[in-house]
Amino acid sequence: MSAIAGIWDRSKQQSPEQWTAYGQQMMDSMSKYPKDRSAIWQDGHVWLGCHDQWITPESEGQQVPYDDALRRLTITGDVILDNREELMSRLGLQHEHDMPDLHVLLRAYEQWGEQMADKLNGDFAFMIWDDARQQLFGARDWSGNRTLYYAEQQGAFLFASTMEALLHTGIVGRTLSTPWMAEFLTTVAMEESTDIQATVYEQIKQLPPAHAIVLNESHVRMYQYGNLLPDAPLHLRSDGEYEEAFRELFARVVRAKVRTRHGVAATLSGGLDSGSVVSYAAPILSAQNKPIHTYSFVPIPGFKDWTSSRIMANERPYIEETVKHVRRVNDVHDHYMDFADRSPLSEVEHWLGLMEMPYKYFENSFWIRGIFERAQQNGAGVLLTGARGNFTISWGPAIEYYAVMLKKFRWLRLYQELKLYSRNAGIRRKKIIQQISETAFPGLSRSAPDLGRPDALKWINPELAQRTGMVERVRQAELDLIGSDTMSDMEVRHSKFANLAVANKDGAVTSKISMGYGVWERDPTNDPRIIKFCLSLPFDQYVQNGMDRALIRRATAGNLPDKIRLNQKVRGLQPADWVLRMRPQWGAFTSEIRDLCQDSAVAEWVNTDNIMHALHEVGESPDAEAAFNPATRLLMRSLIIGRFIRGLA
């Protein structure tokens, strides 16, 4: 979570003193972040800086930027290496136990040069000045968990952990990127833009996840050094061997994620993902004489659960079962927080400042920030999560697997599975058979296609959509979807890890909130080793004996209570109470929406007619059930982007 910055005046058009002043402006803009030490390094027309946060035991007391005069290499970076021991062994450094990760990176660069990046595992963004070659080399981690922005101005290359640092110099403009904004306003999913180098600002780019960059005096070269897809399927001899392989790898990954000189905390829901992370971390931390703090969101008092019987808005009873079970191996300090004084509306200004751009994921914003605040207060250096578990460790869609069995004529086995799944999930077999048939043969059940105006175009200004080609692009996407079968769960899963636009969005949140609170968010379920392992397994490891998510259910036997481990009847939902939280301010909220729709600067980007229609649909006193009404979500997202645009004035 260190905040880094740097400048290389490749053209040498200005004096080093001028670039020093620009560099200091970048450092000043990032001085708000927690830090253990701040330092700069300069040699002629090269300037590097860092507000350093010492998270790992080895980082304590380190000097960043670090200048290795013997090797003529200087590095600034924001780095935690998760395969540190493996790297040090390969580099002959296995006895250098106290060597900081940044020093290991320099030795890796010395050994492998530009081929080093794909050998690294962890969260990192760094830049190395190679004086002998007169070049800069840098890289960003596989999942983009550390940000690295850059701009080229006045013959110089500037980079930083934040966009505001670049803007603060005064030589990088704040003009919005029209293509980025157009995509943001038409992309139904959470990601911002398919252009993985673009940002909200026209003059600022970002180094994409899993990419490296090389600059010398004459050119800039950027390349993808790897991906998260497995090299080949994994074939083992038995279910037991798959389970054992998973347990060994997951324990190793969790051990790497809890490496900190501070305390360790974790988010904890009533489900499998965060529960698995906490249950594996507990014995590891016990051996280090460290307790674990867990933070769980619960609805505000008076909330009446309006969701279905298969959804649980208040997961506290299940969370308490996990805590009770894990306490057998370690001390757990469990915290249940409703953040009753907060709502998505109360968080907008903070999140706009934190993210430096508009955002869509507002529903959970208030409790995510609240948990980081509490973790910081409790002295945590690491906050564990299981955010990507649905696509890795706990993946396993039963209906799709049974559809595959149906099409492959494995009917006897399918009949046996249906009996078990119906009992475990509490769903009538007739309904399951219907779902399987629709999944196996979607063409037979597809309703007549709606070729009218796609929902993706509801938010964007119609003229902007036409001018930027978004109308044709969205319509073509709709036609492609109608003309072919929809993506399978397997395809969706692979696309999540192949799509670097998703990594950009997720990584930016992880990086900026970690940097903002000095607490490093670490997700074992999103580790490249776990991703590749899980994607390499055969489908039947994830669905078997009437169990969906079968691998993690088997692999946590003894780690989690059966009430959690074998639960297939209810799932948690957070937060179902966000509209209820906003109701006391609903009048002010709707008034601001109306005001924004009268602002020409805002109307330049959004469809104010549709926003006003949504305002009328939702009304002045919505029920809690409006939380998942698309019109309500449109209103909240419109307020966020409206405030962002007004903030640029």
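Scroll up to find the structure this text is about.
In this convention, every chain numbers its residues from 1, walking through the sequence in written order. Owing to the predicted nature of the model, reporting of local features is limited to residues with pLDDT of at least 70; listing and counting of side-chain atom pairs is limited to 80 or more, with chain, interface and lining totals taken over all residues. Hydrogens and water are ignored here; the side-chain numbers use all heavy atoms of the structure.

**Some details on the nonpolar core**
For step 1, the next point in the chain: By nonpolar core is meant a set of buried Ala, Val, Leu, Ile, Met, Phe, Trp, Tyr and Cys residues that side-chain atoms within 4.5 Å join together. Residue exposure (1.4 Å probe, protein chains only): buried if accessible area is under 20% of the type maximum, exposed if over 50%, otherwise partly exposed. Core analysis: the biggest nonpolar cluster contains 156 residues, and Leu 166, Leu 185, Val 200, Phe 246, Tyr 402, Phe 589 and Met 636 have the highest contact counts within it.
For step 2, the next point in the chain: Per element, the largest residue contribution to this core is 9 residues, and it comes from helix H26 (residues 630-647).
For step 3, the next point in the chain: Apart from residues no more than four positions distant in its own chain, Met 636 is found in contact with Pro 344, Leu 345, Val 348, Phe 362, Trp 578, Met 582 and Phe 589.
For step 4, the next point in the chain: Formed by 52 residues, the second largest nonpolar core is a distinct cluster that contains Trp 41, Val 64, Leu 73 and Leu 105. Here a helix means four or more residues in a row that DSSP labels H or I, a strand means two or more in a row labelled E, and each is numbered from the N terminus. The contact definition used throughout considers only heavy atoms, calling two residues in contact when any of these lie within 4.5 Å.

**Here we look at empty space enclosed by the protein**
For step 1, the next point in the chain: Cavities and pockets are defined on a 1 Å grid built over the protein atoms alone: a cavity is a set of grid points where a 1.4 Å probe fits but cannot escape, while a pocket is an open set with protein on both sides within 12 Å along at least five of seven lines, and lining residues are those with an atom within 4 Å of any such point. Grid points are joined across faces, edges and corners, and a volume is the space filled by probe spheres set on the points. Under the counting rule described, the total for this entry stands at 4 cavities of 30 Å³ or more.
For step 2, the next point in the chain: Along the walls of the largest cavity sit 15 residues, with Asp 52, Gln 53, Ser 59, Gln 62 and Val 79 positioned nearest its centre.
For step 3, the next point in the chain: Sorting the residues of the lining of the largest cavity by element identifies strand S5 (73-81) and helix H3 (101-112) as the ones contributing at least two each.
For step 4, the next point in the chain: When residues in the lining of the largest cavity are grouped by element, the largest group, 4 residues, is from S5.
For step 5, the next point in the chain: Just so you know the grouping, Ala, Val, Leu, Ile, Met, Phe, Trp, Tyr, Cys and Pro go in nonpolar, Asp, Glu, Lys and Arg go in charged, and all remaining residues, Gly too, go in polar. A breakdown of the residues in the lining of the largest cavity according to their chemical character gives 6 nonpolar, 6 polar and 3 charged.
For step 6, the next point in the chain: For the second largest cavity, the calculated volume is near 100 Å³.
For step 7, the next point in the chain: Every residue lining the second largest cavity is counted, 14 residues in all, and those nearest its centre are Trp 180, Glu 192, Ala 198, Gln 206 and Met 357.

**Thoughts on the packing of aromatic side chains**
For step 1, the next point in the chain: Two aromatic rings from Phe, Tyr or Trp, using only the six-membered ring of Trp, form a pair when their centres are within 6.5 Å; if the ring planes differ by under 30 degrees the pair is stacked, by over 60 it is edge-to-face, and anything between is tilted. Counted according to the given criterion, the structure contains 28 aromatic pairs.
For step 2, the next point in the chain: Taking 6.1 Å as the distance between ring centres and 75° as the angle between the ring planes, the aromatic pair formed by Trp 351 and Tyr 361 counts as edge-to-face. With a gap of 10 residues between them, Trp 351 in helix H9 (residues 348-355) and Tyr 361 in the loop between H9 and helix H10 (365-377) connect regions that are remote in the sequence.
For step 3, the next point in the chain: Given the relative accessible area of 15%, Tyr 361 is considered buried.
For step 4, the next point in the chain: Three or more aromatic residues joined by ring pairs make a cluster, and in this case those are Trp 395, Tyr 401, Tyr 402, Tyr 421, Phe 539 and Tyr 542.
For step 5, the next point in the chain: When the ring centre of Tyr 336 is taken as origin, the NZ or CZ atom of Arg 316, which lies over that ring, is 4.0 Å away. We call a charge positioned over a ring when the NZ of a Lys or the CZ of an Arg lies within 6 Å of the ring centre and within 35 degrees of the ring normal.

**Topic: the pairing of strand S9 (residues 156-160)**
For step 1, the next point in the chain: Across the 5 residues that make up S9, a large majority, 5, are buried.
For step 2, the next point in the chain: Going residue by residue along S9, you find Ala 156, Leu 158 and Ala 160 tucked away on one face and Phe 157 and Phe 159 tucked away on the opposite face as well.
For step 3, the next point in the chain: Strands were regarded as paired on the criterion that DSSP finds at least two bridges between them. Sheet topology note: the strand S1 (residues 3-9)/S9 ladder contains 5 bridges and is antiparallel. Within S9, the position partnered with Trp 8 by the bridge is Phe 157.
For step 4, the next point in the chain: In this structure, the hairpin formed by strand S8 (residues 149-153) and S9 is closed by a connection of 2 residues, where Gln 154 is found at a positive phi of approximately 55°.

**Examining the pattern of salt bridges**
For step 1, the next point in the chain: Salt bridge criterion: a side-chain nitrogen from Lys or Arg within 4 Å of a carboxyl oxygen from Asp or Glu. A complete count under the given rule lists 47 salt bridges for this structure.
For step 2, the next point in the chain: Residues Asp 101 and Arg 84 are paired through a salt bridge, measuring 2.6 Å at the closest nitrogen-oxygen approach. Placement of Asp 101 in helix H3 and of Arg 84 in helix H2 (residues 84-90) is noted, with a sequence separation of 17 residues between them. Exposure class is identical for Asp 101 and Arg 84. Each is buried.
For step 3, the next point in the chain: Residues Arg 247 and Glu 244 are paired through a salt bridge, measuring 3.8 Å at the closest nitrogen-oxygen approach. One end of the pair, Arg 247, and the other, Glu 244, are both in helix H6 (residues 239-257), 3 residues apart, so they sit about a helical turn from each other.
For step 4, the next point in the chain: Arg 247 sits in the partly exposed class, given a relative accessible area of 24%.

**Some remarks on the sheet that holds strand S16 (residues 332-337)**
For step 1, the next point in the chain: Strand order in the open sheet formed by 5 strands is S16-S14-S13-S17-S18, with parallel pairing between adjacent strands. For this open sheet the edge positions go to S16 and strand S18 (520-522), each flanked by a neighbour on one side alone. Strand after strand, the sheet turns through a mean of 25° between neighbouring axes, direction not considered.
For step 2, the next point in the chain: In this structure, strand S13 (residues 263-267) lies alongside strand S14 (residues 292-297), joined through 4 bridges in parallel fashion. Interaxial angles span 0 to 180 degrees and are taken between N-to-C directions of axes, which are lines fitted to C-alpha atoms, for helices over the stretch in contact.

**Some words on helix H7 (residues 272-287)**
Residues lying three or four places apart along an α-helix face the same way, a consequence of the helix completing one turn every 3.6 residues.
For step 1, the next point in the chain: Here H7 spans 24 Å end to end across 16 residues, near enough to the 22 Å set by a 1.5 Å rise per residue.
For step 2, the next point in the chain: To get the bend at a residue, fit one axis to the 7 residues ending there and another to the 7 starting there, then take the angle between the axes. Roughly 25° is the biggest bend found in H7, and it falls at Ala 281, with proline Pro 283 one to four residues downstream.
For step 3, the next point in the chain: Within H7, 13 of the 16 residues are buried, which leaves the element mostly enclosed by the surrounding structure. To estimate how far a helix should extend, the number of its residues minus one is multiplied by 1.5 Å.

**Focus: unusual backbone geometry**
For step 1, the next point in the chain: In this chain, Val 64 is followed by Pro 65 through a cis amide linkage whose omega measures 5°.
For step 2, the next point in the chain: Inspection of the secondary structure assignment puts Pro 65 in the loop between strand S3 (46-52) and strand S4 (66-68).
For step 3, the next point in the chain: Positive phi is not limited to glycine here, since Ala 210 has a value of about 60°.
For step 4, the next point in the chain: Structurally, Ala 210 is set in the loop between strand S10 (205-206) and strand S11 (211-215).
For step 5, the next point in the chain: For Ala 210, a relative accessible area of 2% puts it in the buried group.
For step 6, the next point in the chain: Phi is positive for Phe 339, which is not a glycine, with a value near 45°.
For step 7, the next point in the chain: Relative to the assigned elements, Phe 339 resides in the loop between S16 and H9.

**Considering the side chain of Arg 146**
For step 1, the next point in the chain: Position of Arg 146 relative to the elements: it lies in the loop between strand S7 (135-140) and S8.
For step 2, the next point in the chain: Residue classification places Arg 146 among the buried positions, given a relative accessible area of 0%.
For step 3, the next point in the chain: When near neighbours in sequence (up to four residues on either side) are disregarded, Arg 146 contacts Met 1, Asp 78, Asp 123, Phe 124, Ala 125, Arg 140, Asp 141, Thr 510, Ser 511, Ser 514 and Trp 520.

**With respect to the side chain of Thr 260**
For step 1, the next point in the chain: Considering the arrangement of structural elements, one finds Thr 260 in the loop between H6 and S13.
For step 2, the next point in the chain: Any pair of N or O atoms that falls within 3.5 Å is considered a polar contact. Within protein, one atom must be able to donate a hydrogen and the other to accept it, and sequence-neighbouring residues count only if both atoms are side-chain atoms. Here Ile 55 takes part through its backbone oxygen, which lies 2.9 Å from a polar atom of the side chain of Thr 260.
For step 3, the next point in the chain: If sequence neighbours within four positions are ignored, Thr 260 has contacts with Ile 55, Thr 56, Pro 57, Lys 290, Gly 381 and Val 382.

**Some thoughts on the environment of Phe 533**
For step 1, the next point in the chain: You can see Phe 533 is positioned in helix H19 (residues 528-535).
For step 2, the next point in the chain: The sequence separation of Phe 533 and Ala 245 amounts to 288 residues, and the corresponding C-alpha distance is 9.2 Å.
For step 3, the next point in the chain: Non-local contacts of Phe 533, meaning those with residues more than four positions away in its chain, are made with Leu 234, Tyr 242, Ala 245, Phe 246 and Leu 249.

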